[in-house]
Amino acid sequence: VYQVFENVAKKYDIMNDSMSLGIHRVWKDVLLYKMNPSPGILLLDVAGGTGDIAFRFIDYVRSVRERQLRRKLKHHQNLSWQEIADSYQAETVKPLGDSQVVVCDINKEMLKVGRQKAQHLGYSEGLSWVVGNAEELPFGDEKFDVYTIAFGIRNVTHIDLVLQEAYRVLKPGGRFLCLEFSQVNNPLLSRLYDLYSFQIIPVLGEIIAGDWKSYQYLVESIRRFPPQEEFKAMIEDAGFLKVDYQNLTSGIVAIHSGFKL
């Protein structure tokens, strides 16, 4: 698996757009809206090497902070010019408040791509990159408010260990969110999806990334991943409560959510 992602790292974003016709961007946006992070949140994004979730988190928190500042100024009409200027200065100095996102990925090549994207797009505040195994995270207990893993958990060796580690590093009241390919619930779409997955995606991998085998593996890994209800039960077995899931695009992907209470 490590070799697969080392091979595809440089073409990962292009292939995601090609394989999903860009819809993966919408799925990731939905994940952030479901999270609805407030300023001050500490997020751990696991298997997030390319930074897609991290960058969305930063954008989301920035927009929340800006709206809070506007509301504050609107409700204090008697503020002096200096007080208004000071408020904007504080926003400029700390646009994320105390929010931070830690991107953790086992693959150095994926992290390298993420860092390059962050530099190119101008993300630096509140962002750090850590090499680490999802099955044995290099963090202490009860450190994070939210744990996300997007399109990563199906590639681990032991899903149960990943879920246990997620539970361990979350604070009491913390939230687990997983975006992953799942089981299509429309029979006609399911047949078309299988045809597309096995006949088209490896060909795209060969044409765009020069790598048929890696994309053949990625397609097969999707089919091996537990369906929605089975994965929900695994999350509950790890200790999470209030576990539910939301199907997107007829179950091509699902967002599972749980809380450490």
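The name given to the protein chain in an unreviewed UniProt entry is COQ5 protein, with Nothocercus nigrocapillus as the source organism. Reading the Subunit (unreviewed entry) entry of the UniProt record for the protein chain gives the comment "Component of a multi-subunit COQ enzyme complex, composed of at least COQ3, COQ4, COQ5, COQ6, COQ7 and COQ9. Interacts with PYURF; the interaction is direct, stabilizes COQ5 protein and associates PYURF with COQ enzyme complex." Note on the protein chain: under the UniProt heading Function (unreviewed entry), the record states "Methyltransferase required for the conversion of 2-decaprenyl-6-methoxy-1,4-benzoquinol (DDMQH2) to 2-decaprenyl-3-methyl-6-methoxy-1,4-benzoquinol (DMQH2)."

> Could you give an account of the overall build of the protein chain, naming the residues involved and the relevant values?
The helix and strand tally for the protein chain stands at eleven helices and seven strands. Expressed as a percentage of the 261 residues in the protein chain, the buried residues total 48%. Of all intrachain contacts in the protein chain linking residues separated by at least 6 positions in sequence, the fraction that spans at least 24 positions is 77%. By element, 53% of the accessible surface of the protein chain is carried by carbon and sulfur atoms, the whole surface being about 13,000 Å².

> Before we move on, could you go through the sheet that holds strand E6 (residues 241-248) and cite the residues and values that matter?
Reading across from one edge, E3-E2-E1-E4-E5-E7-E6 is the order of the seven strands in this open sheet, with mixed pairing throughout. Across the chains shown, the open sheet's two edge strands, defined by having one partner strand only, are strand E3 (127-131) and E6. The sheet shows a mean angle of 15° between the axes of neighbouring strands, taken without regard to direction. Strand direction decides the pairing type here: strand E5 (residues 170-181) and strand E7 (residues 253-259), joined by seven bridges, are antiparallel. Bridge pairing links Leu 179 to Ile 255 in E7. Contacting strand E1 (42-46), strand E4 (144-150), E5, E6 and E7, helix H3 (residues 23-35) crosses the sheet at an angle of about 160° to E5. Set on the sheet, helix H6 (residues 108-121) makes contact with strand E2 (100-105) and E3; between it and E3 the angle comes to about 165°.

> Quick rundown of the packing of aromatic side chains? Include the residues and the values.
Per the stated rule, a full pass over the model turns up eleven aromatic pairs. Consider the rings of Phe 55 and Trp 129, whose centres lie 6.5 Å apart with planes at 70°: the pair is edge-to-face. Of this pair, Phe 55 sits in helix H4 (residues 52-74) while Trp 129 sits in strand E3; the two residues are 74 residues apart in sequence, bridging distant segments of the chain. The two residues Phe 55 and Trp 129 agree in class, both being buried. Members of the aromatic cluster, each reached through a chain of ring pairs, are Tyr 147, Tyr 167, Phe 176 and Phe 240. Looking at Lys 260, its charged tip hangs above the ring of Tyr 167, at a distance of 4.8 Å from the centre.

> Account for unusual backbone geometry, with residues named and values stated.
Of note in this structure, Glu 142 is not a glycine but carries a positive phi near 55°. One can find Glu 142 in the loop between E3 and E4. With relative accessibility at 43%, the residue Glu 142 sits in the partly exposed group. Look at Ser 250: it is not a glycine, yet its phi comes out positive at around 60°. As for its placement among the helices and strands, Ser 250 is situated in the loop between E6 and E7. According to the relative accessible area criterion, Ser 250 is partly exposed, its value standing at 32%.

> Explain the pattern of salt bridges residue by residue, including any values.
Going through the model one piece at a time under the given rule, you end up with nine salt bridges. When the shortest N-O distance is used, the salt bridge between Asp 145 and Lys 171 registers 3.3 Å. Taken together, the positions of Asp 145 in strand E4 and Lys 171 in strand E5 put the pair 26 residues apart, joining distant regions of the chain. Judged by relative accessible area, which is 29%, Lys 171 ranks as partly exposed.

> Account for the environment of Lys 28, with residues named and values stated.
As for its position among the elements, Lys 28 is in helix H3. For the pair Lys 28 and Ile 53, spaced 25 residues apart in the sequence, the C-alpha separation amounts to 6.8 Å. Discounting chain neighbours no more than four positions away, the residues touching Lys 28 are Asn 16, Asp 52, Ile 53, Arg 56, Phe 151 and Leu 179. Looking at Lys 28, its side chain comes within polar contact range of the side chain of His 24, at 3.0 Å.

Reading guide: rules and limits
Residues numbered from 1 in each chain as written. Predicted model: local features only at pLDDT ≥ 70, side-chain atom pairs only at ≥ 80, totals over all residues. Heavy atoms only, no water. UniProt positions renumbered as here; feature names shortened; annotations may be inferred. Helix = DSSP H or I, 4+ residues; strand = E, 2+ residues; numbered from the N terminus. Buried < 20%, exposed > 50% of the residue type's maximum accessible area, 1.4 Å probe, protein only. Contact = heavy atoms within 4.5 Å. Areas by Shrake-Rupley, 256 points an atom, 1.4 Å probe, with all protein chains shown as cover. Pairing = 2+ DSSP bridges. Axes fitted to C-alpha atoms, helices over the stretch in contact; angles between N-to-C directions. Phe/Tyr/Trp six-rings, centres within 6.5 Å; stacked < 30°, edge-to-face > 60°. Lys NZ or Arg CZ within 6 Å of the ring centre and 35° of its normal. Salt bridge = Lys/Arg side-chain N within 4 Å of Asp/Glu carboxyl O. Polar contact = N/O pair within 3.5 Å; in protein donor to acceptor, adjacent residues only side chain to side chain.

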